[in-house]
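Descriptive structure summary
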Amino acid sequence: MRSTWTLIDQPAPYRHTNRKAIAPKDDFTADVIGGLMKRPKRLASKYLYDAPGSALFDRICQLPEYYLTRTELAIMRANVIEIVQEIGPDSLIVELGSGSSMKTRLLLDHLDRPRAYMPIDISREHVLETAAQLRTEYPAIDIEPIVDDFCNSSFDSARFSGERVCVYFPGSTIGNFERAEALRLLRKIGDWCGDQGGLLIGFDLQKDVSVLEAAYNDADGVTAAFSLNLLQRMNREASANFHLQNFRHVAFYHSPAERIEIYIESHREQHVQIGDSTISFAAGERIHTEYSHKYTVAGFAAMAEKAGLAMKRVWTDDREYFAVMYLENKRAD
């Protein structure tokens, strides 16, 4: 018998990370014009994830250079019994920026009587399609998707209050947030988990710069196509006239900030029309689209501690490229 939860569909403007994004056309155009008029120019990474962008990101996850997805999945596979023991029985699994929920299937296969699975994603089409697939694969588990922006201050977490909640935040999406933003989000997640729940989170670790930069500059150019798809999206949805051949994808590791920085760079001086607005680009001028912060285990645990979350367990791969950590509210100790 299905639960009384219903799909909440609030396709409001979404911050990054994570990942999938759909915003109303008027909001998208306004955000684009506002972002490109800033100095330096910047666009929220959420806008990378329209349907073509999401498909390209799925291809990125299969690339040999992009170690993150397969390494996190290997950690989950190797340690899933210990992980589900930490989560415990009768839990409500709330996944943030769920995407295709590939890693979540490992949890659903091994959890003890999961109360329900609630994937939260801003991409309506993607999350509903994934939820439909999961309902077929797991008929005994309530699969209740939420189309919403969990980063938005108006996000209503009361829909899963009163439950034993495990928030699952995979994919190193936390790395897309600047440190102060990440700290605020961790505090918010701690409130959602309460005293009985916990946070299972994946994050990328610091490593050789050549490995990091290759992951965002693949030889096949898929990541470049992913970046430049944002220009195509603006042409389609914001009445822009970007010429893709006049721009290139740029990604590099910024050591002082311990992060990958991703940009779209103009090859030449040019003017682009977006609706009734004209945006000027100097030669070499960049649009910032994304950060991907890299952590140490100790550094991430210290940040979580400031947010009121205490590390209980952490799992890494043999090369220590990636980490999966389980945390609980300190007041639960």
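Now for a quick tour of the structure. Since the model is a prediction, treat every value here as computed from it, not as a measurement.

Here we look at helix α3 (residues 67–87)
With 21 residues, α3 ought to run about 30 Å at 1.5 Å a step, yet its terminal C-alpha atoms sit only 26 Å apart, falling short of that. Of all bends in α3, the biggest is about 75°, found at N79. Of the residues flanking the end of α3, it is G88, one or two places downstream, whose phi is positive at about 85°.

Quick word on unusual backbone geometry
Backbone torsion omega between R39 and P40 reads -5°, so that peptide bond is classified as cis. Among the structural elements, P40 can be located in the loop between α1 (25–36) and β2 (41–42). Even without glycine at this site, S172 takes up a positive phi of about 60°. Mapping S172 onto the fold places it in the loop between β6 (165–169) and α6 (179–193).

Here's the deal with the environment of R77
Note that R77 resides in helix α3. Residue R77 is classed as exposed on the basis of its relative accessible area of 56%. Spatially, the C-alpha atoms of R77 and L107 are 9.4 Å apart, while their sequence positions differ by 30 residues.

Topic: the pairing of strand β7 (residues 198–204)
Counting buried positions along β7 gives seven out of seven residues, so the element sits mostly inside the fold. Residues G198, L200, G202 and D204 of β7 are buried on one face, and the alternating residues L199, I201 and F203, pointing to the opposite face, are buried as well. In this structure, β6 lies alongside β7, joined through four bridges in parallel fashion. Bridge pairing in β7 links V167 to L199. Handedness of the β-α-β unit built from β6, α6 and β7 comes out right-handed. By the bridge criterion, six bridges tie β7 to strand β14 (residues 322–329) in an arrangement that is antiparallel. Note on β14: the bridge partner recorded for D204 is F322.

A word on the environment of A219
Within the fold, A219 resides in the loop between α7 (209–215) and α8 (222–237). Considering only alpha carbons, one finds A219 and P64, 155 residues apart in sequence, at a separation of 9.4 Å.

Overview of the nonpolar core
Nonpolar side chains tend toward joint burial in soluble globular proteins. Counting 65 residues, the largest nonpolar core has L200, M234, F242 and I274 as the members making the most contacts within it. At nine residues, α3 tops the list of elements feeding residues into this core. Listed in part, the 37 residues of the second largest apolar core include L92, L96, F160 and V165.

Notes on the packing of α3 against helix α4 (residues 102–110)
Running from amino to carboxyl end, α3 crosses α4 at an angle of 25°, the nearest separation of the two axes being 9 Å. The orientation of α3 with respect to α4, classified from their angle, is roughly parallel. Note on packing geometry: the crossing formed by α3 with α4 is right-handed. Side by side, α3 and α4 meet where T69, E72, L73, M76, R77, V80, I81, I83, V84 and I87 of the first sit next to M102, K103, L106, L107 and H110 of the second. Grouping the amino acids of the contact of α3 with α4 by side-chain chemistry returns ten nonpolar, two polar and three charged.

A look at the side chain of Q270
Here Q270 shows up in strand β10 (residues 270–274). A residue is classified by how much of its surface remains accessible, and Q270, at 5% relative accessible area, is buried. Other than its neighbours up to four places away in sequence, Q270 contacts N246, F247, I279, S280 and F281.

Here's the deal with α6
The periodicity of an α-helix, 3.6 residues per turn, causes residues three or four positions apart to be oriented the same way. The terminal C-alpha atoms of α6 lie 21 Å apart, and with 15 residues this matches the ideal 21 Å at 1.5 Å per residue to within 8%. Of all the residues in α6, the buried ones are A182, L183, L185, L186, I189, G190, W192 and C193. Turning to α6, the residues buried within the fold contact β3 (92–96), β6, β7, α9 (297–306), β13 (309–316) and β14. A positive phi of about 70° marks G194, the residue just after α6.

Details of the state of the cysteines
Evaluation of the coordinates by the stated rule reveals zero disulfides. Free of any disulfide, C193 has its nearest cysteine sulfur in C166, 6.9 Å distant.

Let's talk about the packing of aromatic side chains
Overall, the coordinates contain 15 aromatic pairs when judged by the stated rule. For the pair F247 and F281, a centre-to-centre distance of 5.3 Å together with 80° between the ring planes defines the contact as edge-to-face. One end of the pair, F247, is in strand β8 (residues 247–254); the other, F281, is in strand β11 (residues 277–281), and 34 residues separate them in sequence. For the pair shown, F247 and F281 are each scored as buried. Chaining the aromatic ring pairs together yields one cluster made of Y49, F57, Y66, Y216 and F226. The side chain of R319 reaches across the aromatic face of Y321, ending 3.9 Å from its centre.

Digging into the sheet that holds strand β12 (residues 286–293)
Pairing is mixed across the open sheet formed by four strands, whose spatial order is β2-β12-β9-β8. Each of the sheet's edge strands pairs with one partner strand only, and the pair in question is β2 and β8. Where β8 and strand β9 (residues 259–266) come together, eight bridges link them in antiparallel fashion. Paired with H254 across the strands is R259, a residue of β9. The sheet strands contacting α8 are β8, β9 and β12, and the helix crosses β8 at an angle near 120°.

Cut-offs used in this document
Residues numbered from 1 in each chain as written. Predicted model: local features only at pLDDT ≥ 70, side-chain atom pairs only at ≥ 80, totals over all residues. Heavy atoms only, no water. Helix = DSSP H or I, 4+ residues; strand = E, 2+ residues; numbered from the N terminus. Expected span 1.5 Å × (residues − 1). Bend = angle between axes of the 7 residues up to and from the residue. Buried < 20%, exposed > 50% of the residue type's maximum accessible area, 1.4 Å probe, protein only. Pairing = 2+ DSSP bridges. Right-handed = clockwise from strand over helix to strand, strands pointing away. Core = buried A, V, L, I, M, F, W, Y, C linked by side-chain atoms within 4.5 Å. Axes fitted to C-alpha atoms, helices over the stretch in contact; angles between N-to-C directions. Parallel < 35°, antiparallel > 145°, perpendicular 65-115°, else oblique. Left-handed = near helix turned anticlockwise from the far one by under 90°. Contact = heavy atoms within 4.5 Å. Nonpolar A, V, L, I, M, F, W, Y, C, P; charged D, E, K, R; others polar. Disulfide = S-S within 2.5 Å. Phe/Tyr/Trp six-rings, centres within 6.5 Å; stacked < 30°, edge-to-face > 60°. Lys NZ or Arg CZ within 6 Å of the ring centre and 35° of its normal.

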